[in-house]
Amino acid sequence: MMNVKGLATGIGSLPFLDAQKAVDLILRYLPCVPFWPQLPKCDMREGMITQFSENLPGLKVDARGVLRFAPVDKEKELEIFYERFIEQDLSYFKLSPDFARGLYAFYQRLKEADLSKIEFIKCQVTGPFTFCSGINDPEGKTILHDKVLMQAMTKGLNMKALWQLDYFKAFGKKIIMFFDEPYLTSVGSAYTPVNRNDVIDVFSELTEGLRASGCLVGIHCCGNTDWSMLMDAEGIDIINFDAFEFQERFVLYADDLNKFLKKGGIICWGIVPTQNYTSSQSPEELTRKIKSGLDILVKKGINRQLLLERLMISPACGLGTLDAQKAEGILGLLNQTSEFIHKNL
């Protein structure tokens, strides 16, 4: 039985311009589940959509670093893409150093570091709904509405996850792969083409090859959504939510959550606030907030020990838009809260 009680990790983005400093802080504050940092302030190519766009059909980054869907020949580009996908050509789908300097700085540091404390290496990819909702076709419509492109992008993002899994396997550590999906807050709205079954189907397909490789798959959504659809999707091991803002809504899904935990699921509580962070917040205060959520779930019939064994923590969201001092403060508070939970819950 897996016990991850109190383990802390990050979401992905950090605001630093120096990749080495970002890696220093990650290894200092998140020694058990470190992650490679996305550094959008360094380069527009490290933004959460552009970063994963290399070699996906029709996508071009212009001289200013702006991503566009501008195919020269859409059918031909899809044909080339699917040839590489069918061949499972991982190198074709890699993240290059120009688009992911934090990934390569992190990898290099792991080669030199003492890895004895590391329980998991955490990687990430932007999820297909968020990815496709952020790219417009030449008519100005998001490619989320194009089923052919949506399917291709889903397969391409899956390959980018598999490439990371293959790249980091050299360290012999279990990998956690997060798909970051803020767009899921829109599901159920009249303004989105995406429904609950679409989400379940896409993630069941997206996770298949990853879980076969022994990877844990997580979904991060920093707003409120229908959490039951993620608990119902095949292949999702970890659900990461903004516990600081939305804990009261999340615990409404107790019955679905109970089933999810019993089949091996993990809840990653995004308990350290990002936009609402102040230096006066304490590990005791944040732990009390989690405990209040646990108490509600226990009253609804979920085993407390099971909840504790499957409890990880993170910031509520990525830190890439914050100032550097605040980001470091959040990582420090996360580290302290992890230790407090381990000793006191």
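Note: the structure precedes this text.
Cut-offs applied
- Residues numbered from 1 in each chain as written.
- Predicted model: local features only at pLDDT ≥ 70, side-chain atom pairs only at ≥ 80, totals over all residues.
- Heavy atoms only, no water.
- Core = buried A, V, L, I, M, F, W, Y, C linked by side-chain atoms within 4.5 Å.
- Buried < 20%, exposed > 50% of the residue type's maximum accessible area, 1.4 Å probe, protein only.
- Helix = DSSP H or I, 4+ residues; strand = E, 2+ residues; numbered from the N terminus.
- Contact = heavy atoms within 4.5 Å.
- Axes fitted to C-alpha atoms, helices over the stretch in contact; angles between N-to-C directions.
- Parallel < 35°, antiparallel > 145°, perpendicular 65-115°, else oblique.
- Left-handed = near helix turned anticlockwise from the far one by under 90°.
- Arc of directions from axis to C-beta.
- Pairing = 2+ DSSP bridges.
- Right-handed = clockwise from strand over helix to strand, strands pointing away.

Counting residues in each nonpolar core, the largest one holds 109 residues, and the members touching the most others are Phe129, Phe131, Phe168, Phe179 and Trp269. Ranked by residues supplied to this core, first place goes to helix α5 (residues 147-168) with 11 residues. Apart from residues no more than four positions distant in its own chain, Phe179 is found in contact with Val125, Thr126, Gly127, Leu157, Ala161, Phe203, Leu206, Leu210, Val217, Gly218, Ile219 and His220. By size, the runner-up hydrophobic cluster in this structure holds 11 residues, among which are Phe120, Ile176, Ile238 and Cys268.

This part takes up the packing of helix α11 (residues 283-299) against helix α13 (residues 324-344). Geometry of a packed helix pair, given as the angle between the helix axes and the separation of the axes. The interhelical angle for the contact between α11 and α13, taken along N-to-C directions, is 60°, at an axis separation of 9 Å. If you check the angle between α11 and α13, you find them oblique. Crossing of α11 over α13 shows right-handed handedness. Mapping the contact onto sequence places Pro283, Glu284, Leu286, Thr287 and Ile290 in α11 and Leu333, Gln336, Thr337, Phe340 and Ile341 in α13.

Quick look at the environment of Met159 now. The topology assignment puts Met159 in helix α5. A sequence separation of 65 residues divides Met159 from Lys94, and the C-alpha atoms of the two residues are 8.3 Å apart. Aside from chain neighbours lying at most four places away, what touches Met159 is Phe85, Gln88, Asp89, Leu90 and Phe93.

Attention shifts here to helix α10 (residues 254-262). Along α10, the positions that sit buried rather than exposed are Ala254, Leu257, Asn258, Phe260 and Leu261. Each buried residue of α10 lies within a common arc of 165° when the element is viewed along its axis, so the set occupies one face. Residues Asp255, Lys259 and Lys262 are exposed on α10 and point more than 90 degrees away from its buried face. Its buried side turned inward, α10 meets α8 (227-232), β7 (238-241), α9 (243-250), β8 (266-272), α11 and α12 (304-309).

What follows is about the pairing of β7. Taking every second residue as pointing to the same face, both faces of β7 are buried, with Ile238 and Asn240 on one and Ile239 and Phe241 on the other. Alignment of strand β6 (residues 216-221) against β7, held across four bridges, turns out to be parallel. In the strand pairing of β7, Cys221 is matched with Phe241. A crossover links β6 with its parallel partner β7, the connecting element being α8, and its sense is right-handed.

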